[in-house]
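Commentary on secondary and tertiary structure
So you can see what is in the structure, the chains are spelled out below.
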Amino acid sequence: MKFSVQRDVLTEAVTWAARSLPQRPAVPVLAGVRIKANGDTLILSSFDYEVSAKCEIPAEVESPGEVLVLGRLLADICKSLPKKPVDVQLGEQKVVLTCGASRFELPTMPLEDYPTLPEMPPLGGQIAADVFSEAVSQVTIAAARDETLPLLTGVLMEISGEKVTLLATDRYRLAMRELTWIPTNPEAETSLLVRARTLSDVAKSMTDGADVQLLIDDDEDMTIVGFEAGGKHTTSQLVEGDYPKVRRLFPDATPTHAVVETAALIEATKRMALVAERNAPIRLTFTDGELSLDAGQGENAQASEAMVAELVGEEIVTAYNPDYLREGLSAFSTDYVRFSFTHPAKPAVLTGQKAAEGDDDPSFRYLLMPIRVAQ
């Protein structure tokens, strides 16, 4: 095997293929990236029995062949190379990589022990890459980050015709984003529970401007989901289990709401968090025309700040985890955010709003549990 390829093209492809490789694989070959050179194409792939990745790039192939090498090491090497063409040649037991004056020799791994990549499911539909990326980033912040409850580390994707709904919760907050897509079957009805980490990696990597294609099976025994865009392909095993019925947590009516400038509140929350030790809550007091923020108490450091807020309904005092509040606010791209309340001790629903006055946009909702504090 011998081929030549542009350094930046190779680096991006190797990084994509190696992105989900396990740090401590149960079987050594699962730390590898498989490289196949044939014709004028280079195919790089990886698979750890849960997530697979494959990328096709153009290359000048002098002699075809296949090889398996350590993926993370190859990715690190490619990132460090000078911006010159990379020549790769397979020797007897090592791969020789040359770029300018740099030369590396990498040991090969046994190809016969490497698992076969799963077949890609059929095309289910496609979503604009920028819409998909924004929606995933908004929702994955609310997914659980530990494996205590594996179900909550996933994002529930509900598909109904041209509508896709993403939901995630870690029991302290809930994010829901609704968007439209172009389905292959306009009458499709299904739901998928995808690992939030995998979904986030896909959304960040598939941003080349092309639509993201969602690959799904329509049968009830579906076990994997696939994504394709810009020559990149990936599959992921679905999380098993029944996701909790979280939609019912959103209240039917909210008699009180307040509108605040998003950027100003994010900065104020960051300042308050400086004195909120160990994620102690930040208290928010909404009154007519003003929002007051307070953090810290007793002999500890304290901080307070006030800003303009438009209040409709009764005055309200509540408190939130500063990180959960800041992450939720940062997920909005609108100039203003609306807090909708039913009661100070019950969750608030945050939605985006273009102006201080007018209607909010319910396509993205962030529900946040309050923290009980002494009055």
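These notes cover the structure that comes with them.

Scoring rules and cut-offs
- Residues numbered from 1 in each chain as written.
- Predicted model: local features only at pLDDT ≥ 70, side-chain atom pairs only at ≥ 80, totals over all residues.
- Heavy atoms only, no water.
- Helix = DSSP H or I, 4+ residues; strand = E, 2+ residues; numbered from the N terminus.
- Buried < 20%, exposed > 50% of the residue type's maximum accessible area, 1.4 Å probe, protein only.
- Polar contact = N/O pair within 3.5 Å; in protein donor to acceptor, adjacent residues only side chain to side chain.
- Contact = heavy atoms within 4.5 Å.
- Pairing = 2+ DSSP bridges.
- Axes fitted to C-alpha atoms, helices over the stretch in contact; angles between N-to-C directions.
- Core = buried A, V, L, I, M, F, W, Y, C linked by side-chain atoms within 4.5 Å.
- 1 Å grid on protein atoms, 1.4 Å probe; cavity = no way out; pocket = protein on both sides within 12 Å on 5 of 7 lines; lining within 4 Å.
- Points joined across faces, edges and corners; volume = space filled by probe spheres on them.
- Nonpolar A, V, L, I, M, F, W, Y, C, P; charged D, E, K, R; others polar.

Along the chain, the position of S46 falls in strand 3 (residues 41-47). For S46, a relative accessible area of 1% corresponds to the buried category. Reaching out from S46, the side chain makes a polar contact with the backbone oxygen of A17 at a distance of 2.4 Å. The residues touching S46, leaving out its near neighbours within four places in the chain, are A17, L21, G32, V33, V51, S52, A53, Y114 and L117.

Below, the discussion takes up the sheet that holds strand 1 (residues 2-5). Read across the open sheet, the five strands follow the order 5-1-7-8-9; overall the sheet is antiparallel. At either margin of the open sheet sits one strand with a lone partner, and together these are strand 5 (60-63) and strand 9 (102-107). Strand after strand, the sheet turns through a mean of 15° between neighbouring axes, direction not considered. When strand 1 meets strand 7 (residues 86-90), the two strands line up antiparallel, connected through four bridges. By the bridge assignment for strand 7, S4 is matched with D87.

The subject of this paragraph is the nonpolar core. In this structure, L44, F286 and F339 are the most contacted members of the largest nonpolar core, which totals 111 residues. In terms of residue count, helix 1 (residues 7-18) provides more of this core than any other element does, six residues in total. Sequence-distant contacts of F339, that is, excluding residues within four places in its chain, are made with T256, H257, A258, V260, L265, L284, F286, Y320, L325, L329, V349 and L350. Counting five residues, the second-largest nonpolar core is a separate cluster that includes V29, F47, L68 and Y114.

This next bit is on empty space enclosed by the protein. Inspection of every chain in the model, using the stated rule, returns one cavity of 30 Å³ or more. Considered as a void within the structure, the largest cavity measures approximately 60 Å³ in volume. If you go around the largest cavity, the residues you meet are F3, L10, I35, V69, L74, V88, V95, L97 and L106. Looking at the lining of the largest cavity, its residues break down into nine nonpolar, no polar and no charged.

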